[in-house]
Amino acid sequence: MHAPVPDRPAGEPARVEVALGERSYPVLIGPGVRHRLPAEVARIGAQRVVVVSARPPEWTPDPGVPHRVVPARDGEHDKNLTTVEQLCRAFAEFGLTRTDAVVSCGGGTTTDVVGLAAGLYHRGVPVIHLPTSLLAQVDASVGGKTAVNLPEGKNLVGVYWQPRAVLCDTEHLRTLPQREWRNGYGEIARAHFIGAGDLYDRPVAEQIAASVALKARVVAADERDSGLRHILNYGHTLGHALERATDFGLRHGEAVGVGTVFAGRLAGVLGRIPADRVAEHHDVVAGYGLDTTLPGGVDHDELIRLMRRDKKATSGLSFVLDGPGGVELVTRVPEVAVRTALSGM
Ligand SMILES: NC(=O)c1ccc[n+]([C@@H]2O[C@H](COP(=O)([O-])OP(=O)(O)OC[C@H]3O[C@@H](n4cnc5c(N)ncnc54)[C@H](O)[C@@H]3O)[C@@H](O)[C@H]2O)c1
Ligand SMILES: [Zn+2]
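The structure displayed is predicted, hence computed values, not measured ones.

**Q** Help me understand the coordination of the zinc ion (ligand 2) in this model?
**A** Ideal values for angles at a metal depend on the geometry: 109.5 degrees with four tetrahedral donors, 90 or 180 degrees with six octahedral donors. Protein-derived coordination of the zinc ion (ligand 2) comes from Glu187 (OE), His236 (NE2) and His252 (NE2), at a distance range of 1.9 to 2.1 Å. Taken in sequence order, the residues that donate to the zinc ion (ligand 2) follow the motif E-x48-H-x15-H. Taken as a pair, Glu187 in helix H5 (residues 178–196) and His252 in helix H8 (residues 252–269) lie far apart in primary sequence, 65 residues in all. Judged on exposure class, the residue Glu187 and its partner His252 are both buried.

What follows is the structure, encoded as structure tokens:
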């Protein structure tokens, strides 16, 4: 199966539309697409802009209207309600109104916290994201979920607030550390099994465009996560458990990579897919340079306990799994099957 990478003239960025009626928006992907910022600001009719940026100021082009740049920091530590309040106060101090816009520039933590601030300020002001990590380009900046953390847990407070445009500038990835590439590739690897197709020998802009096109299709069909959107959690049940079991020693995408291999093994144990499809899970994840085995020292009992607490696990152990009818949520998976799939990983 091949990915629906949009046709385009040479030199033009890839363009994916998130089709949500009058809230539809474009995601542009390619080298230099940040320079489309003034055109996007003009298109949405914003008169003034606050740019919230976790990167050096020269990473965001002049939006072409009166603006202020507010510095931010990436990271889970600052992804909280205190930052939301600080941002909203900076918007108020600048006199930002609903005819203006907010621009975010940074990793997924920054697009999440700025997206939430934009969704709350004046009950919602337009926001344009310039995601700078691979994970933020393929996943966090697209789809309209925003959230911040509480001491009690991650992403517990948020709103759905769709951006008006997303500019995924692949030049922004040049400084990305190796580990953050792996973080993003974990999500791209899992996308292989939910409809993005074979991407591992393709240029990065195409990998991003295909992953975004997949997410855009799913979000357009199920914006608020009441059905189909759960397929995006492929590889995530074990992935989330591994993040917790290692006290976030694994990056999210690294854990999702291992979780994707596991999802293949579990589907195999349950007789849902043949051996070659199980092997494909291993090979795709390995092909992206990701680990395919459980990190040393994690205990299977602990992983099972954590997976039983997963927010999708309302009916026993639940996993998004491949099968004869395609990928679907499978509930009440017998624990013995989970143990068999984990053993030898
Ligand atoms: N809203 C959603 O739908 C959604 C989806 C997936 C993930 N997320 C959220 O996204 C967050 C993870 O995003 P992330 O992995 O980008 O984390 P992050 O924002 O912490 O960035 C990861 C690291 O990369 C660095 N970085 C980012 N861009 C860089 C660049 N161009 N050059 C050098 N370093 C750079 C950051 O400073 C940070 O150290 C999580 O909080 C997660 O909950 C949200
Ligand atoms: Zn994920």
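Now that the structure has been shown, we can carry on.
**Q** I would appreciate a short explanation of the environment of Val50 in the present structure.
**A** Considering the arrangement of structural elements, one finds Val50 in strand S3 (residues 49–53). For the pair Val50 and His67, spaced 17 residues apart in sequence, the C-alpha separation works out to 5.5 Å.

**Q** Would you mind showing me how to read the environment of Tyr234 here?
**A** On the secondary structure map, Tyr234 appears in the loop between helix H6 (204–221) and helix H7 (236–245). Spatially, the C-alpha atoms of Tyr234 and Arg190 are 6.3 Å apart, while their sequence positions differ by 44 residues.

**Q** Honestly, the pattern of salt bridges in this entry has me stumped. Any pointers?
**A** In a structure, side chains of opposite charge can pair up when their charged atoms sit close to one another. Counted according to the given criterion, the structure contains 27 salt bridges. Residue Glu254 is joined to Arg182 by a salt bridge in which the shortest nitrogen-to-oxygen separation is 3.0 Å. Of the two residues, Glu254 is situated in helix H8 and Arg182 in helix H5; the sequence distance between them amounts to 72 residues. According to the relative accessible area criterion, Glu254 is buried, its value standing at 8%. Judged by its relative accessible area of 27%, Arg182 falls in the partly exposed class. Where salt bridges share partners, they join Arg34, Asp169, Glu171 and Arg174 into one cluster.

**Q** Help me understand the site of ligand 1 in this model?
**A** Among the 25 residues in the neighbourhood of ligand 1, the closest are listed as Glu76, Thr109, Ser133, His172 and Thr175. Within the side chain of Asp74, an N or O atom sits 3.0 Å from an oxygen atom of ligand 1. Between an oxygen atom of ligand 1 and a side-chain N or O atom of Asn155, the distance comes to 3.2 Å. Its free accessible area being 850 Å², ligand 1 has 82% of it covered by the protein chains. When contributions to the shell around ligand 1 are tallied by element, the ones reaching two or more residues are helix H3 (108–120), helix H4 (134–140) and H5. For the shell around ligand 1, the per-class residue count stands at five nonpolar, 10 polar and 10 charged.

**Q** When you look at the packing of aromatic side chains in this model, what are you seeing that I'm missing?
**A** Where two aromatic rings form a pair, the distance of their centres and the angle of their planes describe that pair. Evaluation of the coordinates by the stated rule reveals six aromatic pairs. Look at Phe91 and Tyr121: their rings are 5.4 Å apart centre to centre, the planes differ by 80°, and that puts the pair in the edge-to-face class. One end of the pair, Phe91, is in helix H2 (residues 81–94); the other, Tyr121, is in the loop between H3 and strand S6 (127–131), and 30 residues separate them in sequence. Each of the two residues, Phe91 as well as Tyr121, counts as buried. Feature note: the residues Trp181, Tyr185, Tyr200 and Tyr288 constitute an aromatic cluster, connected by ring pairs. Stacked on the ring of Phe94, the Lys or Arg Arg48 has its end atom at 4.0 Å from the ring centre.

**Q** I tried to follow the side chain of His252 on my own but got confused; where do I start?
**A** Within polar-contact distance, the side chain of His252 engages the side chain of Glu243 at 2.9 Å. Excluding residues that lie within four positions of it along the chain, His252 makes contacts with Leu135, Asn183, Glu187, His236, His240 and Glu243.

**Q** Hey, could you run me through the domain arrangement of the protein chain in this one?
**A** Split into domains, the protein chain comes out as domain 1 (14–180) and domain 2 (234–343). Centre-to-centre separation of domain 1 and domain 2, based on C-alpha positions: 31 Å. Contacts between the two partners involve four residues from domain 1 and, on the opposite side, seven residues from domain 2. With both sides pooled, the region where domain 1 packs onto domain 2 buries about 460 Å², and carbon together with sulfur makes up 39% of that total. Our enumeration of links across domain 1 and domain 2 arrives at three residue pairs in polar contact (both at pLDDT 80 or more). Looking at side-chain class alone, the side of domain 1 that touches domain 2 contains one nonpolar, no polar and three charged residues.

**Q** Mind showing me how you'd approach the sheet that holds S6 here?
**A** In any sheet, the strands associate via hydrogen bonds between backbone groups, in a parallel or an antiparallel arrangement. Pairing is mixed in the open sheet, where seven strands are placed in the order S1-S2-S9-S6-S5-S3-S4. The open sheet has two edge strands with one neighbour each: strand S1 (14–18) and strand S4 (67–71). Each strand axis lies, on average, 15° off the axis of its neighbour in the sheet, ignoring direction. Judged from the five bridges that link them, strand S5 (residues 101–106) and S6 form a sheet pairing that is parallel. When the bridges of S6 are listed, Val103 appears paired with Ile128. In this fold H2 packs onto S3, S4 and S5, with an angle of close to 155° to the strand it touches most, S4.

Reading the values: rules and limits
- Residues numbered from 1 in each chain as written.
- Chains lettered and ligands numbered in written order.
- Predicted model: local features only at pLDDT ≥ 70, side-chain atom pairs only at ≥ 80, totals over all residues.
- Heavy atoms only, no water.
- Donors = N, O, S within 2.8 Å, 3.2 Å for Na, K, Ca; no water.
- Helix = DSSP H or I, 4+ residues; strand = E, 2+ residues; numbered from the N terminus.
- Buried < 20%, exposed > 50% of the residue type's maximum accessible area, 1.4 Å probe, protein only.
- Salt bridge = Lys/Arg side-chain N within 4 Å of Asp/Glu carboxyl O.
- Near = heavy atom within 4 Å.
- Polar contact = N/O pair within 3.5 Å; in protein donor to acceptor, adjacent residues only side chain to side chain.
- Areas by Shrake-Rupley, 256 points an atom, 1.4 Å probe, with all protein chains shown as cover.
- Nonpolar A, V, L, I, M, F, W, Y, C, P; charged D, E, K, R; others polar.
- Phe/Tyr/Trp six-rings, centres within 6.5 Å; stacked < 30°, edge-to-face > 60°.
- Lys NZ or Arg CZ within 6 Å of the ring centre and 35° of its normal.
- Contact = heavy atoms within 4.5 Å.
- Domains from an automatic or database assignment.
- Buried area = accessible area lost by both parts, 1.4 Å probe.
- Pairing = 2+ DSSP bridges.
- Axes fitted to C-alpha atoms, helices over the stretch in contact; angles between N-to-C directions.

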